[in-house]
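# Coordinate inspection notes
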Amino acid sequence: MDVSKVLMEYDGMFGTHSLEKIDEFLTEKITEAMEEQDYGSAVTLMNEMMGFCRDTSQNEKGLHYCELVITMFDKLKMTGTLAYATSMLNVANAYRAFGLFDKSQELFVLVENIYKEQLPKGEFHYASLYNNWSLLYQEIGDFVQAREMLKRALVVVDAHPNAVIEQANTRTNLAATLLRITQDSKAYEQAVNYLEEALAIFEKDGGRDFHYGAALAAMGDALFMGDSFGEAAAYYKRAMDELMKHVGKTEAYERVEANYHRALKRAELAEQKEESDMSVQADTTNDVSVGMKDKHKKKSNLESCREFYETYGAPMIHEKFPEYESRIAVGFAGEGSDCYGFEDDISVDHDYGIGFCMWLTDSDYEAIGITLHHAYEQIVEAYGGEQGVSYNKLLNGRRGVCTIGAFYERILGVRIDESDLVEGHIILPTQTWLTLDEDRFAEATNGTVFRDDTGIFSAIRGDLLAYYPEQVWQLRLSKALHDFAQYGQSNYARMMARQDYVTAKLCISRGAESAMSLAYLLNRTYAPYYKWMRKGMDGLCVLKGVRQLVDTLILLPLQKTAWAGYHYDPYKINMQDAVVRTFEKIAGLVSEELREQGIVHTTETYLDVQSQIVMNAAYGQKVNMQEVGRIMDQEKTLVDQIVELEWKQFDKVKNEGGRADCQDDWNTFSIMRRSQYLTWNEELLSSYLNDLQDADAKGWNLIMEKYARMMQSTAKERYAELEKDLPKRSKERQTIAEEIIKIQVTWMEEFAKKYPKMAGNARSIHTYEDSEYNTSYETYLRGELGTYSEETFVLYGRFIADIARKGENLAYNIMNQTAKLYGYDNVEDAESRL
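In this text, all values refer to a predicted model and were calculated from it rather than measured experimentally.

### Brief notes about the pattern of salt bridges
Here the idea is simple: oppositely charged side chains can pair when their charged atoms come close. Summed over all chains, the structure comprises 36 salt bridges. When the shortest N-O distance is used, the salt bridge between E197 and R171 registers 2.7 Å. You can see E197 sitting in helix α10 (residues 185-204) and its partner R171 sitting in helix α9 (residues 164-181), a full 26 residues away along the chain. When its relative accessible area of 12% is taken as the criterion, R171 is described as buried. D802 is the partner of K806 in a salt bridge, and the nearest nitrogen-oxygen pair spans 3.3 Å. Of this pair, K806 and D802 both sit in helix α36 (residues 790-806), 4 residues apart, roughly one helical turn. You can call K806 exposed: its relative accessible area is 54%. The exposure class assigned to D802 is partly exposed, which follows from its relative accessible area of 29%. If you follow the salt bridges from partner to partner, you end up with D362, E409, R415 and D417 in one network.

Printed below as a string of structure tokens:
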């Protein structure tokens, strides 16, 4: 095989062929090389395939080729060679992209050792190694180490005049890293210069290289950070075009698309603010009283405390602690409305006063902490009143001197200090990010720092200000979406229909709080303590309309008349209720913002749907909304009517231990029941719908009957009491039912053997596994069959026989529908991801 010719043909396909065709071509050539026993060409092409899978997010396929390459080198006894090192570098990159960071790090170290043994210093191979290694450090959040790797790479590539694309790539990566680790203006300018140089190189080459899109996106990031939102959007759009041309709508494309919409939104807001400022300026020209009002505007306590520090605090530190002056971090942050700038005339009645914070390392506090605090108290007592705010001794725990660790421990409940910094950064466990209340993070990062020469306090603060890690943010967003849907879009209506007005009011309150949480999350800003959440929304850039709607929600009177004579229906929205209308308006705004940020692509406004999509994304699962929609449309009318009636009857079931949690979980109930009925034929669906309608007309509850029949195995004494009230079934029918059950249990056994993870999320299979707290699949099926009318029972028997004749497995068919409704491609996809 002429592998060079194959590679040229492969490179030429990008931009002219679909990704599917490129994938097929590469797979075909690998197979051809293996059949010809041309293992060198096969390895070369497998390396290309790993990169292709990495760029198109085909994780499983990419890992398969990683293992193939490693195995081939072992079989060919070529480990330790330069060819081996090159391939292992590609495998390391694939591992990095697929989240196997430890395995990736091991291979990067291995490759560096081989290079050091066999190559002279400065040889070009090192540039590729360090460039790619830096990406691993970026992935794990160690941007300082990433910068060092890129500096090494830049020295190498600049020494090779012909390596222009590598020079551009290295500059792009270095610029992106600089933007992540510092807010210093000089470093920012350096990052922009690197990006301008990189773009010039790519454009001189005609913009043909795949990495041109990454450079455009990085320039968009830089301009966004510099508040040039319109220009940033333009660069993001160009990056999207490049990515689409080369690799299509991958995860990288979706990230850039989300940034593009965010930049457009910020540009629009900035333009509105500019127009508003111009309007105010024009008004000022015509009315000097505006200027007089500004002149007498009340100073915030933060401003007063800064002035107090500059006037009395800084000189005191300079005179009495000169050797520690550059080691004392000073600022105003932590507990109190004044740290947010939210204080008003009512705030002064408690925990309010003049002062500032000084944060020391443990060793410095041991040396001067007590003496420094005593000196601080002296100046506050002597001069505090000059700022118009008195000294409050109750603030000693919040203001004055403490260690860095004590400050963060007091607020977060987790001690973080100088010993936790690694290369200038902290790494908090995911569980900590998830379990701490959001307002704790807001409190730990509010206010401002006046001085911090060592940068220790600010480094910790900066990492917290960088906001939640992506997965944590997605999980918190998913929960807030779910809470809003449950309180505002589901349970409020249910409570009003039941005339439980107290609980309905609680739903309004909690739904409003969830709406505010969503606004903060979609602004990627920590929400403050509940009493300041509404006030803090003034400073948010997106979803500004939510605040007014929340006000409306809380102030609306009780909507009793809207429910008079209304027949409750979980599928319908009672738009006569002003509270319901307001919740739906909020849901519409949130749904639109989710789409604008590229988080979801569905137009659905029931936010529990978006909650599931975001949850799946957090765990790396792709949600195919077209497939979900297709499934939901199948036999839509009959299935919808059946599930609606079943839910209505399920809601009325009286549980021995009180109302069950599942009776308030419409989403799960709907998916489970739909999964079953989407496998049925129209004749069977129509017959069972008639059963439900007849029972409803007679006041009989088929769901309650089903649970009563299951008690024959799970609660025999209670069943003996209920049996006389249940419709009698002939012995002949019971015999046929047991044959049907036997077939279906066998199917479920086969399914569980092949798909143990999926089956592990379902019921236990056999009746002998029943207990008071566990009902098996077999017992549940027996109870359900017992509720069918004679006509439905006969049709169901024919349905089972038909499936058996076709050699299909009904358990698989149902679980496949369940997997798809939960966003997986199919059962196999779900099994591999669980």
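### Quick look at unusual backbone geometry
Excluding glycine, residues mostly have negative phi values, and the peptide bonds linking residues are mostly trans. Backbone geometry at Y467 places phi at a positive 80 degrees, although glycine is not the residue there. Mapped onto the fold, Y467 is located in the loop between α20 (456-465) and α21 (470-497). Of note in this structure, Q499 is not a glycine but carries a positive phi near 65 degrees. With respect to the secondary-structure elements, Q499 resides in the loop between α21 and α22 (501-522).

### Here we look at helix α1 (residues 3-13)
If you check which residues of α1 are buried, you get V3, V6, L7, Y10 and M13. Across the axial projection of α1, the buried residues extend over an arc of 115 degrees, all falling on one side. Of the exposed residues in α1, the ones pointing more than 90 degrees away from its buried face are K5, M8 and D11. Elements in contact with the buried residues of α1: α2 (19-35) and α3 (39-55).

Quick notes on the rules
- Residues numbered from 1 in each chain as written.
- Predicted model: local features only at pLDDT ≥ 70, side-chain atom pairs only at ≥ 80, totals over all residues.
- Heavy atoms only, no water.
- Salt bridge = Lys/Arg side-chain N within 4 Å of Asp/Glu carboxyl O.
- Helix = DSSP H or I, 4+ residues; strand = E, 2+ residues; numbered from the N terminus.
- Buried < 20%, exposed > 50% of the residue type's maximum accessible area, 1.4 Å probe, protein only.
- Arc of directions from axis to C-beta.
- Contact = heavy atoms within 4.5 Å.

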